Amino acid sequence: MLTHLDNNNNPSMVDVSEKQVTHRTATAQSIVVLPNEVLQHLADGELQSKKGSVFQTAIIAGIMAAKKTGDLIPLCHPLGMDNCKVTIALSGINEVVIECTASINAKTGIEMEALVGASIAALTVYDMCKAMSHDIVIKETRLIAKTGGKRDFKRP
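Residues numbered from 1 in each chain as written. Predicted model: local features only at pLDDT ≥ 70, side-chain atom pairs only at ≥ 80, totals over all residues. Heavy atoms only, no water.

**Things to note about the confidence of the model for the chain**
The condition that has to hold: Each residue gets a pLDDT score, which is the predictor's confidence in that residue and runs from 0 to 100. For the purposes of this entry, the term helix denotes a DSSP run of H or I that reaches at least four residues, the term strand denotes a run of E that reaches at least two, and both are numbered from the N terminus.
For the chain, mean pLDDT is 92; residues scoring 70 or higher make up 98% of the total. Confidence, read as mean pLDDT per element, is least for strand S2 (residues 42–43) in the chain (86) and greatest for helix H2 (residues 54–67) (98).

This is the structure we're talking about:
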């Protein structure tokens with residue numbers, strides 16, 4: 001059964017009123033592949049563009065987006081997160097790994113907030129670097145781990 005459909009197959013917000021409040025966390029990851037013409041602007045672990053510090057701006061954008069998830073995703077519960085952290089690191093050949101970890105004490109999970117945070121941080125990297133190259137690829141966004149609720153999940 002799909003959780004966002006009612007008995008008449010109409011869209012419906014999941015009723016969490018009977019659930020227990022638990023501590024919930026979620027970590028999502030986005031990977032952005034940058035071409036060499038962008039990476040040549042890397043200095044001391046940070047990319048500089050005409051718009052400013054790329055990674056620092058992407059971190060702020062990711063946190064701001066995670067806070068707005070309930071406004072962006074239909075039927076997603078609006079949540080007041082207890083914490084949200086976005087990290088950005090270079091990994092592998094030309095890859096930027098963005099991770100967003102969100103946590104809350106609530107009746108519903110927070111994985112959508114982590115996924116939105118990582119996604120918007122990746123889009124911000126693209127936006128800030130597109131003047132240098134349009135060969136930037138947002139390769140993947142996925143849930144890495146979650147705790148709390150019915151079951152925990154951790155990607156191997």
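On we go.
**Some details on the side chain of Ser53**
Counted only if it meets this: Pairs of N or O atoms are called polar contacts if they sit within 3.5 Å, as long as, within protein, a hydrogen donor faces a hydrogen acceptor (for residues adjacent in sequence, only side-chain-to-side-chain pairs). Residue contacts are counted whenever heavy atoms from the two residues lie within 4.5 Å of one another.
Topologically, Ser53 is positioned in strand S4 (residues 52–53). In terms of polar contacts, Ser53 uses its side chain to reach the side chain of Glu46, at 2.6 Å. Not counting the four nearest positions on each side in its chain, Ser53 is found in contact with Glu46, Leu47, Gln48 and Met128.

**Re unusual backbone geometry**
Here Leu75, not a glycine, exhibits a phi torsion of approximately 70 degrees, which is positive. Assignment of secondary structure puts Leu75 in the loop between helix H3 (69–72) and strand S5 (83–91). Its identity as a non-glycine residue notwithstanding, Asn94 has a phi of 65 degrees, on the positive side. Looking at where Asn94 falls in the secondary structure, it is placed in the loop between S5 and strand S6 (95–106).

**Overview of the pattern of salt bridges**
Where charged atoms from two side chains of opposite charge come close, those side chains can pair. Let me state the cut-off plainly: What makes a salt bridge here is a side-chain nitrogen of Lys or Arg within 4 Å of a carboxyl oxygen of Asp or Glu, nothing more. In this scheme, a residue with accessible area under 20% of its type's maximum is buried, one over 50% is exposed, and one in between is partly exposed, where area comes from a 1.4 Å probe on protein chains only.
Applying the stated criterion across every chain, the model contains 4 salt bridges. Lys51 is paired through a salt bridge with Asp127; the nearest N and O atoms lie 3.0 Å apart. Of the two residues, Lys51 sits in the loop between strand S3 (46–49) and S4 while Asp127 sits in helix H4 (residues 111–129), which places them 76 residues apart along the sequence. Residue classification places Lys51 among the exposed positions, given a relative accessible area of 52%. Looking at Asp127, the relative accessible area reads 30%, which means it is partly exposed. The salt bridge involving Glu140 is made with Arg142; its shortest N-O contact spans 3.4 Å. Classification of Glu140 by relative accessible area gives partly exposed; the value is 27%.

**Remarks on H2**
Quick reminder of the rule: Take the number of residues in a helix, subtract one, and multiply by 1.5 Å to get its expected span. In this description, one arc is meant: the one made by directions from the helix axis to the C-beta atoms.
Helix length check: H2, at 14 residues, gives a terminal C-alpha distance of 20 Å against a target of 20 Å (1.5 Å per residue), a fit within 8%. Taken as a whole, H2 has its buried residues at Val54, Phe55, Ala58, Ala61, Gly62, Ala65 and Ala66. With its buried residues spanning 130 degrees around the axis, H2 presents them on a single face. Turned more than 90 degrees away from the buried face of H2 sit Ile60, Met64 and Lys67, all of them exposed.

**Things to note about the environment of Val97**
Note that Val97 resides in strand S6. Each C-alpha atom of the pair Val97 and Thr3 lies 31 Å from the other, and the pair is 94 residues apart in sequence. Contacts of Val97, omitting those with residues within four sequence positions, involve Gln29, Ser30, Ile31, Thr87, Ile88, Ala89 and Ser91.

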